[in-house]
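Chain residues, written in single-letter form:
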Amino acid sequence: RRVPASNQKLLLSLALFDRLGPDHRIPTRAAARDVKRDTVIGDLWLIGRGDPTLTGAEAGYWGDLEATTLAELAGRIKRSGISRIEGHVRGATEYFDDDFDAPGWQSYVPGSYVQLPSSLVVNGNNTVRSRPERAAAAALTKQLEKIGVQVGGGPRAGVPRGSLTPIAEVRSRPLGEIVAYMNRWSNNFFAEVLGKALGADVYGAPGTIEKGARAIEGWVRENGERTVANDSSGLSYRNRVSPRTIVRMLGIAESKPWSKHFRGGLPAAGEGTLRYRLAGLDVHAKTGSLFNGASGLSGWVRSVRDGRWAEFSILGRDYPKTIEDRIVRLVSRARIRVPRPRMPRQCDEPMRIRWRHSTALGTHTEGRLLNG
């Protein structure tokens, strides 16, 4: 097992797609305890579920990935008939914990290589060092007042109590597009926000970095392999996985209905983090590197001999990326042979077990499985 660096994002992506599907859209809602006619009695609550693309009003903030905007949510609140909020706009803080560290992170990582992963986000939290939920509430307040909705008090954050009545909602672009953007540019912030969202979905709120890592470990274990995960982005120097495990997980992805969607979302030659690499190859792969020299490249390359996709994974340390590229070119020229399923050796007993897909094989004798 080796340090995967940002190849960790591959495992996160696979676990997310298997759990939520590429068509899942992450909601951001406005709700209140009491509404009378056109007025919110008390506070308006802004409730996030981990949409990393959320911005105030800049739909193009993430380039070719359309962001979810609080301006659109404000418009929907007004169209629902609300023209006045008696109290404050409050950002809900209960869905994610405010943890901002992981085993194996260097001291310079938080704030420099990843921003605070929160359930409510404003512009990647790039200018928010603490309380992003309050910053999101401030951005929504600004957009509401801009279109003529009166807000009685300044923005706040907290935990909503009691039942709330939904007023309006916006949803992110499909998860498949968000994951593709994350992998194309190796965005650590997206990875940790989505990791917390995965952890909250699997283990319940609040989402944490540790729960996200545990969900990745659990998905790999369910599929017959082992990994040591401490985060979702790959920034931890204590993550461990073998190239064989990554190859096997990519092979399992091939059997999923979302396999082509996932593979197509990884950077191709000349795209994203592969901008200056692997020219001329039909390849989709994820890069990874850390300051200790750890480097990785994992994904698929199409054989030029027979057109088959071949999974590959290269994890190493202190060698040039040109070596990785050379290996991928060698794999692309290989003839890919798919072995026929092996039939088990015939048993002396009258009963013969002929399972084509099995993890144990042998003769059942006196309550024991021999050769198993």
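Residues numbered from 1 in each chain as written. Predicted model: local features only at pLDDT ≥ 70, side-chain atom pairs only at ≥ 80, totals over all residues. Heavy atoms only, no water.

Engineer: Which residues make up unusual backbone geometry, and what values do they have?
Structural biologist: Residue Pro 206 follows Ala 205 across a cis peptide bond; omega there is 0°. Here Pro 206 lies in the loop between helix H5 (188–203) and helix H6 (209–222). One non-glycine residue, Asn 125, lies in positive phi territory at about 55°. Within the secondary structure, Asn 125 sits in the loop between strand E4 (89–92) and helix H3 (132–146). Of note in this structure, Asp 318 is not a glycine but carries a positive phi near 60°. Mapping Asp 318 onto the fold places it in the loop between strand E10 (309–317) and helix H9 (321–332). (Helix = DSSP H or I, 4+ residues; strand = E, 2+ residues; numbered from the N terminus.)

Engineer: Which residues make up the nonpolar core, and what values go with them?
Structural biologist: Counting 75 residues, the largest nonpolar core has Leu 44, Leu 73, Ile 77, Ile 85, Leu 140, Leu 144 and Phe 262 as the members making the most contacts within it. Ranked by residue count, the leading element in this core is H5, at 8 residues. Excluding its chain neighbours within four sequence positions, the residues that come into contact with Leu 144 are Leu 44, Ala 74, Ile 77, Ile 85, Val 89, Val 149 and Val 151. Listed in part, the 10 residues of the second largest apolar core include Leu 274, Leu 278, Ala 285 and Val 301. (Core = buried A, V, L, I, M, F, W, Y, C linked by side-chain atoms within 4.5 Å. Buried < 20%, exposed > 50% of the residue type's maximum accessible area, 1.4 Å probe, protein only. Contact = heavy atoms within 4.5 Å.)

Engineer: So, the packing of helix H1 (residues 8–20) against H6: which residues are in play, and what are the values?
Structural biologist: At a minimum axis distance of 9 Å, the contact between H1 and H6 shows a crossing angle of 75°. By the angle between their directions, the pair H1 and H6 is classed as roughly perpendicular. Here Gln 8, Leu 11, Leu 12, Leu 14, Ala 15 and Asp 18 of H1 lie close against H6, whose contacting residues are Ile 216, Trp 219 and Val 220. Considering only residue class, the contact of H1 with H6 consists of 7 nonpolar, 1 polar and 1 charged. (Axes fitted to C-alpha atoms, helices over the stretch in contact; angles between N-to-C directions. Parallel < 35°, antiparallel > 145°, perpendicular 65-115°, else oblique. Nonpolar A, V, L, I, M, F, W, Y, C, P; charged D, E, K, R; others polar.)

Engineer: Just give me the short version of the pattern of salt bridges, but keep the residues and values in it.
Structural biologist: When their charged atoms lie close together, side chains carrying opposite charge are able to pair. Applying the stated criterion across every chain yields a total of 18 salt bridges. With a closest N to O distance of 2.8 Å, Lys 196 and Asp 99 form a salt bridge. Taken together, the residues Lys 196 in helix H5 and Asp 99 in the loop between E4 and H3 connect sequence positions 97 residues apart. Taken together, the shared-partner salt bridges connect Arg 29, Glu 169 and Arg 171 into one network. (Salt bridge = Lys/Arg side-chain N within 4 Å of Asp/Glu carboxyl O.)

Engineer: Describe the packing of H1 against H5, and please don't skip the residues or the numbers.
Structural biologist: The N-to-C vectors of H1 and H5 enclose an angle of 40°; their axes lie 10 Å apart at closest approach. Compared by their axis directions, H1 and H5 come out oblique. Handedness of the crossing formed by H1 with H5: left-handed. Every residue of H5 that contacts H1 at Lys 9, Leu 12, Ala 15, Leu 16, Arg 19 and Leu 20 is listed here: Asn 188, Ala 191, Leu 194, Gly 195, Leu 198, Asp 201 and Val 202. The residue makeup of the contact of H1 with H5, split by class, is 8 nonpolar, 2 polar and 3 charged. (Left-handed = near helix turned anticlockwise from the far one by under 90°.)

Engineer: Summarise a nonpolar patch on the surface; cite the residues concerned and give the values.
Structural biologist: A contiguous nonpolar surface patch, about 340 Å² in accessible area, is contributed by Tyr 108, Tyr 113 and Phe 291. With respect to the secondary-structure elements, Tyr 113 resides in the loop between E4 and H3. (Patch = residues over 30% accessible without salt bridge, like charges linked within 9 Å, V, L, I, M, F, W, Y side chains within 5 Å. Areas by Shrake-Rupley, 256 points an atom, 1.4 Å probe, with all protein chains shown as cover.)

Engineer: Run through the packing of aromatic side chains, naming residues and quoting values.
Structural biologist: Any two aromatic rings considered together are summarised by their centre-to-centre distance and by the angle between their planes. For the structure on display, the rule yields 12 aromatic pairs. Ring geometry for Tyr 181 against Phe 190: centres 5.2 Å apart, planes inclined by 35°, an arrangement best described as tilted. Like Tyr 181, the residue Phe 190 is buried in the burial classification. Through a chain of ring-to-ring contacts, three or more aromatic side chains come together here, namely Phe 17, Trp 258, Phe 262 and Trp 300. When the ring centre of Tyr 203 is taken as origin, the NZ or CZ atom of Arg 214, which lies over that ring, is 4.2 Å away. Across from the ring centre of Trp 300, 5.8 Å away, lies the NZ or CZ of Arg 263, which sits over that ring. (Phe/Tyr/Trp six-rings, centres within 6.5 Å; stacked < 30°, edge-to-face > 60°. Lys NZ or Arg CZ within 6 Å of the ring centre and 35° of its normal.)

Engineer: Give a description of helix H4 (residues 175–185) that names residues and reports values.
Structural biologist: Counted residue by residue, H4 has 9 buried out of 11 residues, so it is predominantly covered. Where H4 is concerned, the buried positions are Leu 175, Gly 176, Ile 178, Val 179, Ala 180, Tyr 181, Met 182, Asn 183 and Arg 184. Downstream of H4 by one or two residues, Ser 186 has phi in the positive range, about 50°.

Engineer: If you had to explain the side chain of Asn 239 to someone new, which residues and values would you point to?
Structural biologist: Among the secondary structure elements, Asn 239 is positioned in the loop between H6 and helix H7 (243–253). A polar atom in the side chain of Asn 239 sits 2.7 Å from the backbone nitrogen of Asn 230. Polar side-chain contacts of Asn 239 include one of 2.8 Å to the side chain of Asp 231. The residues contacting Asn 239, other than those within four sequence positions of it, are Arg 2, Val 3, Pro 4, Gln 8, Val 228, Ala 229, Asn 230, Asp 231 and Gly 234. (Polar contact = N/O pair within 3.5 Å; in protein donor to acceptor, adjacent residues only side chain to side chain.)

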